[in-house]
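These are the residues of each chain, in order.
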Amino acid sequence: MKLYCLSNDPNKPCHILTFKEITMMLDCGLSMQSVLRFLPLSFVPLQRLQNLPNLTLPEAADVDLEGELKENCDRVFVDSPPEFCPPLDKLIDFAQVDVILISNYLCMMALPFITEGTGFQGRVYATEPTLQMGRLLLEELVIYIEQCPKANFATQWKNFLHALPYPLSDSFKPKSWKQIYSMASVNASLSRIQMVGYNEKIDVYGALKVVPASSGYCLGSSNWVITSDHEKIVYLSGSSTLTTHPRPMDHHALKNADVLIMTDLTQTPISNPDSMLGVLCVVVGLTLRGGGNVLIPCYPTGVVYDLFECLSIKMSELGVSNCPMFFISPVADMSLAYSNILAEWLSSVKQNKVYLPDEPFPHALLVKNMKLKYFKHIYSDGFSTDFQEPCVVFCGHPSLRFGDVVQFIEMWGNNPRNCIIFTEPDFDYIEALAPYQPLQMKVAHCAIDTSLNFTQANKLIKDLKPTTLVVPECYTQPPSGAPNLTELVIENSPDRTLIPYKWGEVINLPLKRKQGQLFMETNVAQSIVPVEVKPGVSLSTMTGTLNVKDNIHNIEEMTHTNEFKMQKNMKYEWGCVNIPEFMQKLTKEGITDAKLEPGGHGVMIHLLHEDALIQIDENSTHILCNRDENLRMKLRNILMQCLKKF
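All figures in this text were calculated on a predicted structure; none of them were measured in a lab.

Q: Explain the packing of helix α16 (residues 579-588) against helix α17 (residues 629-641) to me, please; I cannot follow it from the model alone.
A: When two helices pack together, their arrangement is given by the angle between their axes and by how far apart the axes lie. Two elements in contact, α16 and α17, have axes separated by 9 Å at closest approach and are oriented at 135°. Relative to α17, the element α16 lies oblique. Judged by the sense of rotation from one axis to the other, the crossing of α16 with α17 is right-handed. Touching Glu581, Phe582, Lys585 and Leu586 of α16 are Leu635, Ile638, Leu639 and Gln641, all from α17.

Q: Help me understand α16, please; the structure alone is not making it clear to me.
A: Helical geometry note: an α-helix holds 3.6 residues per turn, so side chains three or four residues apart project in the same direction. Inspection of α16 places Ile579, Phe582, Met583 and Leu586 among the buried residues, and these make up the whole buried set. Looking down the long axis of α16, one finds its buried residues gathered within 100° of arc, a one-sided arrangement. The exposed set on the far side of α16, more than 90 degrees from its buried face, consists of Pro580, Gln584 and Lys588. Those residues of α16 that are buried lie in contact with β29 (594-599), β30 (602-607), β31 (612-616) and α17. Where α16 begins, the side chain of Asn578 points an oxygen toward the backbone nitrogen of Glu581, at a separation of 3.3 Å. Following α16 by one or two positions, Gly590 has its phi on the positive side, about 90°.

Q: Before we go on, may I ask you to explain the nonpolar core in this structure?
A: Looking at soluble globular proteins, one finds that nonpolar side chains tend to be buried together. One finds Met25, Ile100, Tyr181, Leu311, Val392, Phe394 and Ile421 to be the most contacted residues of the largest nonpolar core, which totals 111 residues. The greatest single-element share of this core, amounting to nine residues, is contributed by helix α3 (residues 128-146). Ile421 has contacts with Leu280, Val283, Val284, Val294, Leu295, Ile296, Pro297, Ala444 and Cys446, leaving out every residue within four places of it along the chain.

Q: Explanation requested: the pattern of salt bridges in the structure shown.
A: Side-chain pairing between opposite charges can occur once the charged atoms of the two side chains come close. Overall, the coordinates contain 14 salt bridges when judged by the stated rule. Residue Lys376 is joined to Asp333 by a salt bridge in which the shortest nitrogen-to-oxygen separation is 3.6 Å. Pair noted here: Lys376 is in the loop between β16 (372-375) and α10 (383-386) and Asp333 is in helix α7 (residues 332-339), with a separation of 43 residues, a long-range link. Within this structure, Arg37, Arg75 and Glu431 form a network of salt bridges that share partners.

Q: Could you clarify how one ought to interpret the pairing of strand β20 (residues 468-472) in this entry?
A: Successive residues of a regular strand alternate their side chains across the two faces of the sheet. With five of five residues buried, β20 is to be regarded as a mostly interior element. Relative to β20, strand β13 (residues 259-263) runs parallel, the two being bridged by three bridges. Bridge pairing in β20 links Leu260 to Leu469. Here five bridges tie β20 to strand β21 (residues 497-501), and the two strands are oriented parallel to one another. Bridge pairing links Val470 to Ile499 in β21.

Rules used throughout
- Residues numbered from 1 in each chain as written.
- Predicted model: local features only at pLDDT ≥ 70, side-chain atom pairs only at ≥ 80, totals over all residues.
- Heavy atoms only, no water.
- Axes fitted to C-alpha atoms, helices over the stretch in contact; angles between N-to-C directions.
- Helix = DSSP H or I, 4+ residues; strand = E, 2+ residues; numbered from the N terminus.
- Parallel < 35°, antiparallel > 145°, perpendicular 65-115°, else oblique.
- Left-handed = near helix turned anticlockwise from the far one by under 90°.
- Contact = heavy atoms within 4.5 Å.
- Buried < 20%, exposed > 50% of the residue type's maximum accessible area, 1.4 Å probe, protein only.
- Arc of directions from axis to C-beta.
- Polar contact = N/O pair within 3.5 Å; in protein donor to acceptor, adjacent residues only side chain to side chain.
- Core = buried A, V, L, I, M, F, W, Y, C linked by side-chain atoms within 4.5 Å.
- Salt bridge = Lys/Arg side-chain N within 4 Å of Asp/Glu carboxyl O.
- Pairing = 2+ DSSP bridges.

Here it is in structure tokens:
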């Protein structure tokens, strides 16, 4: 069994697992850290960005870098459509992938890069919410970038990475970055997905069974249990033991695995989601009371549903419930609608509301009462009429490089009464804000990440009792920013094997196939006559036709042909060669100059006159006789007489 790591970001995982001749991809996350190196896209030209000075490099005097790089407040940005870092495609041909298992909608953003234009012909499995919410994220991303086309594509700067200032010089493999896929590619890749339910057993070409189990992280999120007849592998990605809106995590299905692959732990290990939510509510209340506006960059699904609920309650308590909330996204309407019809994937508290009957989430009531208003874009019909300040605006993209958030920062950025609150943990908020500096509006960092922290992960591992634990290398050492916090690691233990891995590595996992399952027809089974060869061990001959199809092995009864009659009288040798008996038989056959010597794990017999050598060890026998086929057959027959038969 081998594991390939194709992603440099453990929170946007992409792995290849090969086992029993099946090539399986576990998640296809897309690293978006690369977009922070680019200037924001705006559907209204921003004079401030256009007037930024160009960066000139003495090392690139003879190369046309004109306009590719812009400077702002000691930072350098690429003036080009943003590019993304797809999973590594050098280690394996995506056309060889048989199956893709998707854990949650945040781990499927690279799917079009993998399935389209690569020769991929395999199957893709995901739950219904993963498919539907993933569609919204993919469509939103494509719309955001396509609505702001740029005439020029910057490429020359990648050749002078060593000469560029930090952090641009620290860019990860920029020559492998790609432009965003098209909407046609998105639709084609999504059409390949087969929807599955929790605990549904899926057969993978007869060799493996895969079962999705609830991970508790977001709507439809899954951990995957991969089993053969005698082995069990668990892939644990994006899981949460906290009580939020998704269905709780299923621990039982993950226990006693031969191999547990764990990734996508929290990105905020020293922060508590509940305390961050409390801080956010306080900041929103204070800002609105002071007459300021609140801007919350977010994805169109996920934690945003909980924020609607918590903020609406807190705003009523603080007496600012008259301030409206706006949810702006090209897929806002679909996101709100889907979240309230996917009841079976929710926590029991949310599910019970459906039978009252009531909406699982309160945002439907908020929309009805005009407390929450949603629009596709800032320029959509009705937005300017309904817009009033002070207010709270939820919009994308959390990277601040595209989407309506760019316009709101330009509009509100120079007023210190306004506040931007970062809740998504995927991006460094200081890097995200860099192209907008200097900025007057207040900034609050309240990243809410409900996935497992290290304490929860270590406790879970003890409960699951895997034989081998496989984790990203960065989880085995404290964060670089806090080297003294040694508790922020995955603990090793003598009762399991810990194997770390990193980007671009291929790891051999200690899971070897020792047994397999074989089926036989009744008539074949009835012909078995066991013979005890040693205490507790019996053997029997078996005659039949071995039929292998879809990795299922069947022994069927042979028809009464001449071949069958010949095989019926065959004898089967077993055991070790009886050396003294072999030497005696050589003498009887006229070979009297055999010389016996110890060698390696067995013996060596020199036949001086015949110029031949016989090597006999525990597992094999070799006859070297200078291409004398008659002598070789004579020695072989003598040797076979010295073995036990049944």
